[in-house]
Structure formats: C-alpha cells, structure tokens
Amino acid sequence: CAKNMVVVEDMVQYKLFLLQPDGSDVTEERLTHLAEEILVKFAPLLVQYIWQNQPFNLTYHSEKGGVPAHIGGSTQFGENVEDEWFIVYLLLQITEAFPELAARVEDNDGEFLLIEAADYLPKWLNPDSSQNRVFLHRGEVHILPCPSKFSTVGFSKDVVPSLSQALAELCSHPHVCQASPKICSALKKRLKGYPEKIKTGLHQAHCFIPAGIAMVLAQRPQLVAHAVSAFYLRDPVDLQACRSFKIFSPETRVLTSVTFTRCLYAQLLQQQFTSDRRSGFTLPPHSHPQYRAHELGMKLAHGFEILCSRVRLPSSEPDAPISCNPQWKRFLESLKKNDYFQGELEGSTRYRELMRSAEHFFKQSVAFESSALSPGEEILLLMQNGHPLNLEELKEREQQLPQEDDDSWLEITAQDLDHLLQERTGGRERKGEMEHIKNEECGYSLIAVSQGMKKFLDTMSSHEGAEVPWDGSRQSFNFDPNSMASALERLLGMQYGKYDIHNLGYISTSSCCSIFFTGNEMEELDSDDLDDDDESDKEREEETSGDTEQNGTETLNDLRSYMDQMDEELMSTKIGQSFTVTVNQNEEEIRPLDLDVNLVTNLLESLSCQAGLAGPASNLLQSLGINLPANSDPS
C-alpha cells in the first residue's frame, strides 16, 4: 500500500472509518446517514466557529486505492493552526460519541499527532514505521503495537499494514492498541481548554465600517475571515478596485462591534497600510481616541470591496430556496430533536438568527458540493435580499455597543516567553530534580549541571543522533584504572605490570577515550583492528621472553618522549590558561584539574556570551532539563 502523503501545505485531511466486527460491507447509505448525524450533533460548536479559510466538512468517499469506503474531508487552515487542533478535538469527540468509528488525521507533516507526543513514543516508532498505525478511537489515541513475547497483537515494525488490516486489528483489540497514558496526556494537554477555547479565542473590536458591511456581518459573521484574508493577501490588481468604492461607500460608515479570531485580528491590525486618496477613506490623527477603530474599519472595508470586485453582479432572480433540497427537511428535524434552537419561539429574533446560521452551515458542510457561491457572490446576494439599510437605526446602536476586548495578549514579555517554553518542555523535566532546584535559594544547582553533562556523555547513542538521558536510569560516570592499564598494555604491545601508570604525567590522545568506559565495556575494545590481542598471555610471554624488559623500557622512553614534545608545543599556547587549577600552599604542589569546576565555568562563560539568545550551551542544558537564570551581573 503506497503511502498517501498530504502534499498541500496548511491543510489537514481526516477520514472516519466504520469498524465492522462481523466483517459486513459498509454501505454508502449508512455512512451518509452517519455524516448527517455527526454534523447535527456537533452543529452548536460548528455554527459559531469562525474558520480561517475552509470549514470542517464530511462527505462520502467510496473505496479507492486500498482505502476502504469512509466519510471525511479536508480543511485548509492557513495561518491559524488552531483550526487544525480544533478539528482534532472534534474527531476525538466524534469517535467518543460514535464508538463504531475510527479516525485518521494527517497534514503535510504527516502524523502530526506523534510529533506532539514525540518525547513519549516507543523506540521502534518513527516516520517509516508509523504508516497506517495511528488512529483516534473512542475518544483516545490508538497506535497499533509491535508483537512481543507478552502479546501477539499488532504488526512488526518492518511491516506496513494495509488500512483494512489495521482497522480489523483495531476492531479486534482496541484496549491493547490504546496508546500509553503519557502519549494520551500529551495530546490532551495540547487540546486543553476546548470547547471553551472557541470563545476565548475570539476578539471583539470596534470598527468604523460602511453600513452595508455591518448588515452583512450581522447575518454572516464568518465572512470576516474571507475579508481579512483578501486584504492580507491583496495584490496591485485588487487595490485597483479600491480606488473608488463602488459597493461600500465610506460616507455610510457607522461604528459597530466586529468579532474576529485572534489570528484574524492580529493580521488586520499589524499590517501597515495607507489607502488611496481617491477612495474617500480618511483617518483621524494618531492621538484620536478612536483612531484604531477607523483604521481597522478602513482595512476591513478594503477586504470586502476586494471580495466583491472579483465577481460579477448576480442575476436579480434569487437561487432556489434551501427548502427545495431533500436533505434539508431531515436535517432541520434532527436539529430540533437535539435542541439546537434552545427553546426559542419560532419567528423570534433569536430563532431567525439560529435558522440563518443553520442554513449557512447546511450549505457549507452538508450540501456544499451543490453550493458554488464564492464569498463575494454571497456578500452581494445578502445585500440584494437583505432588509433596506437604516442608517439612523445603526447610528443609535453605536451607544449600546459591547465593550472592546483587551488586546494585551498581542504583547509578550521575556518572562511570558520563558513560561511558555517551560510549559512546552515541562514533560521532559524530572519532577524530583525540579523540586530540588526550586527549593534552592538561587533557583538552580551547579552540581546538577555537572551531573547532567556526565550522564549525557555516559549515554550510548546510535547513528540517528544523541539521546538525552531524561530518566537518569544509566549508571553514573565510572573510571576503572585497572581496565585503563590493561587497555594501554594491549594497545602498546607490552607488559605494564611493573610500572605505576598513575604516576605518568599524561595519557596519549589515542587512549584518552578509554575514560568514558567502565571495566566491562573496556573488554569490548577487542575488535578487528586488534586481532593480535586474541593470543593468550602464555603465547605472548613465549614470543617475547628474551626481550620483554628491554622492549618495554624502549617503548616507555618513546612514550615519555612524545609527552615531552606535547608539553613543549602546549607551553607555547594559551590552552593552559583556559583551565582552572588549584595549588596546595603548604606543599606547593599542583593538584589535578577539577573537571567539574572547569566544565561549569566554561558553560557559564558560554551562556554569558549568548546574551540571553539561543546557543549551544543553553540548548544543551535545556535539553537536559536544566534551566539557569539570566546573568544579573554584567561584569
């Protein structure tokens, strides 16, 4: 089965499969009915949501290319990645409400759910072995495992199961396939706050906009997303239509409250733009208390004018009413059964607003294939079929507008950024170690820096990259002098038993690597490049019985000669000044280097040189779960 890669950027694809324990065929009628039930059940969430580009939708897809028949769709979320994660939340809720369904979701990064939980994935799971293994089922993440000595469920990591095989395995063993609690927790942490996050992610702002736009937004507030995108992605051809506003005259401007998503508000506010003098949009001085409302309204008006300029005026005859669609009656009955109208009396203002939202949702998500209206065409139709404009009524409403939302969320301090980064990496830090750090007066421990680096060096990694020892399960750094002497003996081809290796001033560079191994690991030095080591001690003694002492003395003299030459070369450099040494004042004896002190000193100097920016030292320490505060002493 060839991997179905999603190549379109900023687009999420989702598929819902029906699990059949009895192995019966899945009919189009049943899947279509399920799609309608899902959209009706979650209509209260979907109707109020403002999508950046495209809405969530479900349609029937027949079996094709090894993919079983299913219901699904795709949504281009553009710059607002929260749309993608809201869809993930929806899929989890759908599979929980309909346990007979299992969902697959991907974007141009592939299995982005696994990226979110990358710290907790099993070792065998990677982009090559994850194909057709990740599902959302019964409100949780499920990953088809590899068979083990404890269970035969799953597929080998070298096997790519077909979707039919994967769904059959998931249907037979749902509990075994459920992802680990840490993976599920990481995903729930990313989705924390839904569904309340839908409202908290909105931003209300006052805008001076033409009356026609105010009327359109009162009926279809979701059109603000298309207008902001049109302004944000404008080109010189679009701006030609804004030299003279033919649709939305600036003379009819009124102050009204407009609901944006935070992403849309930031896009509209942060762009620097000066309108054409011929457009009629003039702005008050920057010191004016309503300058921002005028600026936002001017930009929004340009977006709506651009949308309408891209289409021709529609015919005077309205399209066929939605009641002509045979699906609408069944859809409306389902809405009433699910208390969508919240007990409102038919014909009331609130009932009519809910009905208009339901009709639009039906056109966009249920019967969207038959609706080919562009945003500009929809705006023009709303203006043609809407009530006549009453400027006096709109002016009166200016005194009753709701208060604007605070936009301080646009600004972020260094402390806020640190807090966000700690939240993102919080799962990597060991709780016990962090509690110890917090209890210290300075908030950090230099001993933890030294120990963390030692554990990092002691960790065995593969060709795929270094592994950071999060759990601290590996043994601490260990140096075995006897194994060191034995290794030198084998490398130099002589017996070192009569010499005290600890009295040597230096160890050759080629042998320094041995300090990173324990005694047991030193025995693994024997490899193809040390074939002569396979000889027994007795055989070597017989071969060198006559010249052992003489050869040993010559080899040791050669080694000391090399060391003397190294001393001479190093004395002409400043490398010795980079180390911190201690001198015993009583005995005037130079003590051995304190590796911990030199390590911490060099790391702190490196952090100081970074001046608070990202760099090798800060990245390495953060990956080890060690957070050092900023340098408060500039000297």
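I will try to describe carefully the structure that is included in this document. Since this is a predicted model, take the numbers as computed values, not measurements. (Residues numbered from 1 in each chain as written. Predicted model: local features only at pLDDT ≥ 70, side-chain atom pairs only at ≥ 80, totals over all residues. Heavy atoms only, no water.)

1. Some details on the sheet that holds strand β5 (residues 134-137)
Moving on, step 1. Read from one edge to the other, the open sheet built from 6 strands follows the order β2-β3-β1-β4-β5-β6, with strand pairing classed as antiparallel. Lying at the two open borders of the sheet, with one neighbouring strand each, are β2 (59-61) and β6 (140-143). The sheet shows a mean angle of 35 degrees between the axes of neighbouring strands, taken without regard to direction.
Moving on, step 2. The sheet contacts of helix α1 (residues 28-41) involve β1 (11-18), β2, β3 (70-76) and β4 (101-106), and relative to β3 the element is tilted by about 45 degrees.
Moving on, step 3. Relative to the sheet, helix α5 (residues 163-172) contacts β1, β4, β5 and β6, its axis offset from that of β5 by approximately 45 degrees. (Pairing = 2+ DSSP bridges. Helix = DSSP H or I, 4+ residues; strand = E, 2+ residues; numbered from the N terminus. Axes fitted to C-alpha atoms, helices over the stretch in contact; angles between N-to-C directions. Contact = heavy atoms within 4.5 Å.)

2. Here's the deal with the packing of aromatic side chains
Moving on, step 1. A full pass over the atoms with the stated rule returns 15 aromatic pairs.
Moving on, step 2. Plain terms: the ring middles of Y340 and F341 are 5.1 Å apart, the flat faces sit at 80 degrees to each other, and that makes the pair edge-to-face.
Moving on, step 3. Here Y340 falls in the buried class, since its relative accessible area comes to 5%.
Moving on, step 4. Ring pairing ties together the aromatic residues Y49, W51, F86, Y89 and Y194, which thus form one cluster.
Moving on, step 5. Here R104 stacks its cationic end above the ring of F135, 5.7 Å away from the centre of that ring.
Moving on, step 6. The positively charged end of R234 is found above the aromatic ring belonging to F231, 4.3 Å away from the centroid. (Phe/Tyr/Trp six-rings, centres within 6.5 Å; stacked < 30°, edge-to-face > 60°. Buried < 20%, exposed > 50% of the residue type's maximum accessible area, 1.4 Å probe, protein only. Lys NZ or Arg CZ within 6 Å of the ring centre and 35° of its normal.)

3. A closer look at the side chain of Q267
Moving on, step 1. Residue position: Q267 is located in helix α12 (residues 262-270).
Moving on, step 2. Classification of Q267 by relative accessible area gives buried; the value is 7%.
Moving on, step 3. A polar side-chain atom of Q267 sits 3.5 Å from a polar atom in the side chain of E79.
Moving on, step 4. If near-sequence neighbours (up to four positions away) are discounted, Q267 is found in contact with Q52, E79, V228 and Y232. (Polar contact = N/O pair within 3.5 Å; in protein donor to acceptor, adjacent residues only side chain to side chain.)

4. Describing the environment of P195
Moving on, step 1. Mapped onto the elements, P195 comes out in the loop between α7 (181-190) and α8 (197-200).
Moving on, step 2. Overall, P195 belongs to the partly exposed group, its relative accessible area being 31%.
Moving on, step 3. Ignoring any residue separated from it by four or fewer positions in sequence, one finds P195 in contact with L45 and Y89.

5. Considering the packing of α12 against helix α13 (residues 291-309)
Moving on, step 1. Following both chains from N to C, one finds α12 and α13 inclined at 100 degrees, their axes separated by 9 Å at the closest point. Here α13 runs roughly perpendicular to α12, going by the angle between their axes. Mapping the contact onto sequence places Y265, L268 and L269 in α12 and R292, L296, K299 and L300 in α13.
Moving on, step 2. The residue inventory of the contact of α12 with α13, partitioned by class, reads 5 nonpolar, no polar and 2 charged. (Parallel < 35°, antiparallel > 145°, perpendicular 65-115°, else oblique. Nonpolar A, V, L, I, M, F, W, Y, C, P; charged D, E, K, R; others polar.)

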